[in-house]
Amino acid sequence: MNATHLHVALIGDYNPDVTAHQAIPVALQQAADTLGLTVHVQWLDTDALPVTLQGFDGFWCVPATPYRDTEAALRAIRFAREQRRPFLGTCGGFQHAVLEYARNVVGWADAEHGELTPDAKRAVIAPLSCALVEATDTVRLAPYTRIADAYGTLDLLEDYRCRYGINPEFIDALLDGDLIPSGHDAAGDLRAVELLDHPFFVATLFQPERSALKGVTPPLAVALLKACQAVSA
C-alpha cells in the first residue's frame, strides 16, 4: 500500500439519482486535494462484492437502502472492523454498522434491520419516531471522540435523508462495550457512534457528504483519508 495513493471502497449499490452517491466521490476528491493525496474510489455493489477486500485502504458504507445483498454489505463492514481498516458509514451505512456489531460482537445472531424484517423480535434498526427526509438538524458531539476531533467543534448542523435509526429498546446493550455514542440531536436521540480501540470506525445517521456538493469539504472525508494514510504508512 502507498500512503500517498489511497484506494477507498464504497460499499453500496450505486444509483446516479441518489444525492449522497453523487456527493461521496466529490467529497473524497476534495479531501484528497486538501491533503495532497491521490485517491482511487471504487464502488462495490453488494451483489457483486469481490472475494478479497485486502487491496483497499479504507471503506465508506453509503446511503440508499435496502442494499441488494445485505449479508455482503455486513461482511464488508466486518472486514473493516476486524482488519482495523478505516471505516465511515453514513445513513444506511450507520444502520448496517450497528447491525453488524449487534450480530458479531454483541452476539445477537437474530438481530435484524426493521426495513427488511419489521416484525423481527430483535429489530435493532427501527423506524424513527419522526422521519428525517431532506431534513436539517443540529447535532451535539461528545468531546474527545474521533468525530469531534475531525470537526474541531462540538456543535453541527447536518443534513439527513433517513427513516430508520437505532431501536431505543436496544441502545443500552449495544453501547455497553466498545461501541460508544459520539453524537446526539437536540432531542437527545443518537445520531453518531464510533468504536474504541480501532484506528477509525465512525458512523453517522446524517449525511455529511452532502456539503461537498455545496463546495464545502466534509471533515469526516478528510478524517477518513488521514486514517487511511496513517494505516498505510
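Rules behind the numbers
Residues numbered from 1 in each chain as written. Predicted model: local features only at pLDDT ≥ 70, side-chain atom pairs only at ≥ 80, totals over all residues. Heavy atoms only, no water. UniProt positions renumbered as here; feature names shortened; annotations may be inferred. Pairing = 2+ DSSP bridges. Helix = DSSP H or I, 4+ residues; strand = E, 2+ residues; numbered from the N terminus. Right-handed = clockwise from strand over helix to strand, strands pointing away. Expected span 1.5 Å × (residues − 1). Buried < 20%, exposed > 50% of the residue type's maximum accessible area, 1.4 Å probe, protein only. Contact = heavy atoms within 4.5 Å. Polar contact = N/O pair within 3.5 Å; in protein donor to acceptor, adjacent residues only side chain to side chain.

Identification of the chain as CTP synthase (glutamine hydrolyzing) from Pseudomonas lurida is taken from an unreviewed UniProt entry. Quoted verbatim from the Sequence similarities (unreviewed entry) field of the UniProt record, the comment on the chain reads "Belongs to the CTP synthase family." Under the UniProt heading Pathway (unreviewed entry), the entry covering the chain gives this text: "Pyrimidine metabolism; CTP biosynthesis via de novo pathway; CTP from UDP: step 2/2."

For a regular strand, the rule is simple: side chains alternate between the two faces of the sheet. Where strand β1 (residues 5–11) meets strand β2 (residues 38–44), 7 bridges bridge the pair, whose relative direction is parallel. Looking at the pairing, Ala-9 lines up with Gln-42 of β2. With helix α1 (residues 19–35) bridging β1 and its parallel neighbour β2, the resulting β-α-β unit is right-handed.

A word on helix α2 (residues 70–82). Helix length check: α2 (13 residues) gives 18 Å between terminal C-alpha atoms against 18 Å at 1.5 Å per residue, within 8%. Residues Thr-70, Ala-72, Ala-73, Leu-74, Ala-76, Ile-77, Phe-79, Ala-80 and Arg-81 constitute the buried set of α2. Buried residues along α2 sit against β1, β3 (58–61), β4 (87–90), α3 (92–106), β9 (190–195) and β10 (201–204). At the N-terminal boundary of α2, the capping side chain belongs to Asp-69, with an oxygen 3.2 Å from the backbone nitrogen of Glu-71.

To continue, consider the side chain of Thr-90. Within the secondary structure, Thr-90 is located in strand β4. When its relative accessible area of 0% is taken as the criterion, Thr-90 is described as buried. The residues touching Thr-90, leaving out its near neighbours within four places in the chain, are Trp-60, Cys-61, Val-62, Pro-63, Thr-204, Phe-206, Pro-208 and Glu-209.

What follows covers the UniProt feature "domain: Glutamine amidotransferase" (unreviewed entry) in the chain. Under the local residue numbering, the UniProt record ascribes the feature "domain: Glutamine amidotransferase" (unreviewed entry) to residues 27–113. The distance from the first to the last C-alpha atom of residues 27–113 is 28 Å, and the span holds 43% helix and 20% strand.

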